[in-house]
Amino acid sequence: MTAASGTSARTPRSETPKEGEQPMGNATELDGSLRLLEIGDGFIYASALHLAAELRLADHLAQGPRSAAELAGPTGTHAPSLHRLLRALAGCGVFRQDDTGRFALTDVGEALRSDHPRSVRTTVAQQGRLTVRTFQYAEHALRTGEGTFSKAFGQPVWDYLKEHPEEGTDFDTAMHEHSRVERAAIVKAYDFTGAGRIVDIGGGDGTLLATVLARCPGESGVLFDLPHVVERNRIADAGLGDRCEIVGGDVFGELPADGDLYTMKSVLHGWTDSEVVTILRGVRAAMKPDGRLLLIERVIPAGDAPHPSKAFDLAMLIMAGGQERTEEEYTALLTEAGFRVERVIGTESVLSIVQARPVDTGR
Ligand SMILES: C[S@@+](CC[C@H](N)C(=O)[O-])C[C@H]1O[C@@H](n2cnc3c(N)ncnc32)[C@H](O)[C@@H]1O
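Residues numbered from 1 in each chain as written. Predicted model: local features only at pLDDT ≥ 70, side-chain atom pairs only at ≥ 80, totals over all residues. Heavy atoms only, no water.

J.: Would you take a moment to explain the overall build of the chain for this structure?
T.: A tally of regular secondary structure across the chain gives 15 helices and 11 strands. In terms of overall dimensions, the chain has C-alpha extents of about 85 × 50 × 40 Å along its principal axes. A total of 363 residues make up the chain; the buried ones form 43% of that total. Relative to all contacts within the chain whose residues are 6 or more apart in sequence, the contacts with residues 24 or more apart total 63%. Just so you have it, the chain exposes about 18600 Å², and 52% of that area is on carbon and sulfur atoms. Seen as two clouds, the 38 positive and the 52 negative side-chain charges of the chain have centres 3 Å apart. (Helix = DSSP H or I, 4+ residues; strand = E, 2+ residues; numbered from the N terminus. Buried < 20%, exposed > 50% of the residue type's maximum accessible area, 1.4 Å probe, protein only. Contact = heavy atoms within 4.5 Å. Areas by Shrake-Rupley, 256 points an atom, 1.4 Å probe, with all protein chains shown as cover. Lys, Arg positive; Asp, Glu negative; His and termini not counted. Charge placed at Lys NZ, Arg CZ, Asp CG, Glu CD.)

J.: Can you help me understand the confidence of the model for the chain in this one?
T.: Overall, the prediction assigns the chain a mean pLDDT of 92, with 92% of residues at 70 or greater. Long-range and interchain partners of residues 1–14, a stretch whose pLDDT sits below 50, account for 18 contacts in this model, where long-range means more than four residues apart. (pLDDT = per-residue confidence, 0-100.)

J.: Even after reading the chapter, I still don't get helix 10 (residues 165–189), so can you show me in this structure?
T.: A turn of α-helix holds 3.6 residues, and therefore any two residues three or four places apart point the same way. An ideal rise of 1.5 Å per residue puts 36 Å on 25 residues; helix 10 measures up with 34 Å between its terminal C-alpha atoms. Of all bends in helix 10, the biggest is about 45°, found at Glu182. (Expected span 1.5 Å × (residues − 1). Bend = angle between axes of the 7 residues up to and from the residue.)

J.: Teacher, can you tell me more about the site of the ligand here?
T.: If you check the shell around the ligand, you find 16 residues, and the closest are Gly202, Asp225, Asp250, Val251 and Lys265. Take Asp250: an N or O atom from its side chain is 2.9 Å from a nitrogen atom of the ligand. Within the complex, the protein chains bury 93% of what would otherwise be the 600 Å² of accessible surface of the ligand. Here the residues of the shell around the ligand are counted per class, giving seven nonpolar, six polar and three charged. (Near = heavy atom within 4 Å. Polar contact = N/O pair within 3.5 Å; in protein donor to acceptor, adjacent residues only side chain to side chain. Nonpolar A, V, L, I, M, F, W, Y, C, P; charged D, E, K, R; others polar.)

J.: Whenever I open this one, helix 15 (residues 327–336) confuses me. Can you help?
T.: All of the buried residues along helix 15 are Tyr330, Leu333 and Leu334. Looking straight down helix 15, one finds its buried side chains confined to an arc of 100°; they lie on one side. Packing partners of the buried residues in helix 15 comprise helix 13 (273–286), strand 7 (292–297), strand 8 (299–300), strand 9 (325–326), strand 10 (339–346) and strand 11 (352–358). Immediately beyond the C-terminal end of helix 15, within one or two residues, lies Gly338, with a positive phi of roughly 95°. (Arc of directions from axis to C-beta.)

J.: Explanation requested: the pattern of salt bridges in the structure shown.
T.: Side-chain pairs of opposite charge can arise whenever the charged atoms involved come near each other. A complete count under the given rule lists 18 salt bridges for this structure. Between Asp170 and Arg129 there is a salt bridge; the shortest N-O distance is 3.0 Å. Remark: Arg129 occurs in helix 6 (residues 121–135) and Asp170 occurs in helix 10; sequence separation between them is 41 residues. Within this structure, Glu54, Arg129, Glu167 and Asp170 form a network of salt bridges that share partners. (Salt bridge = Lys/Arg side-chain N within 4 Å of Asp/Glu carboxyl O.)

J.: Could you clarify how one ought to interpret unusual backbone geometry in this entry?
T.: It is generally the case that most residues other than glycine have a negative phi and that most peptide bonds are trans. We note that Arg56 has phi near 55°; this positive angle belongs to a residue other than glycine. Positionally, Arg56 belongs in the loop between helix 1 (27–54) and helix 2 (57–60). Classification of Arg56 by relative accessible area gives partly exposed; the value is 37%. The residue Ser266 is not glycine, and still its phi comes out positive at about 50°. With respect to the element layout, Ser266 can be found in the loop between strand 6 (261–265) and helix 13.

The following block contains the structure:
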């Protein structure tokens, strides 16, 4: 535990060593040590944020600033300890403490409110309940390449979410939150006009498809996902029921046929290479010979530049034995499944769009 040395207290010192003392490291060496301690401490902030989301602290602050003592009752917490959690998160820009010791939401913290238009509260809270627990088995993933969800929860992730409907609904909401943040960037980067019959495989609650159909009144859609997931779809609520079929099924089984454009967003990163090729072959068999396929995924860029896909890739390994992939890796898998990649389009979000067509459907 390194937090006691607190990152803010780690001001590099330049002292001349007294006789007989070991010299301190030079500034560069010290920077390295401080940076490593800072990375190591990152889990403290993540855990604090998970708790804040679980306790719905932002909802309790929606009407204005409150002290920890005022928040303790409604959140069932110990006021002095809650104060320390709020103070730690104020230190990284989620809350702001005023002169009276009350805490308010910052612009960043606002997105932790359940009613914020781009809320990520459910995602962050579920990270704390599910993802963190799988990370306790990270060493197993590292030594074997296997995902650890079953070790942590006793069954594979999709079975667990089916048997725990509250967690399953929260997962769909978390995906909805992601899609809500990303969808504007996707429809800005890709023109779906004239796409025809759009089939969204693993489309979850239909957030992306609803966005595309609302924007393109001439197109129709098919939402495909596990039966208990499509039951919870948002298509009818969006007033798009007359232009969109809802189909429950298994991505390894029969897929909706004769689509002009197939989309898969954040689906293939959950599967191993051989599973991905099987899924892609199924899509290729189902689609029209001149159809298009869009993979919407976090494509890992070359080089060491920071990119969220690299951390998410590690999470996909540990959670599911899946992975984020580079453009070359997607191209290789698509080629193996009988597609050719036409282009890779970046978006203003962390996602990229890989557009491919079947080389020869043999139909
Ligand atoms: C990471 S979520 C992505 C959801 C949605 N595309 C989005 O981006 O918001 C992966 C989706 O794959 C679906 N899925 C998992 N296993 C499946 C299977 N065997 N057949 C069909 N869908 C499956 C899940 O139910 C989930 O909705």
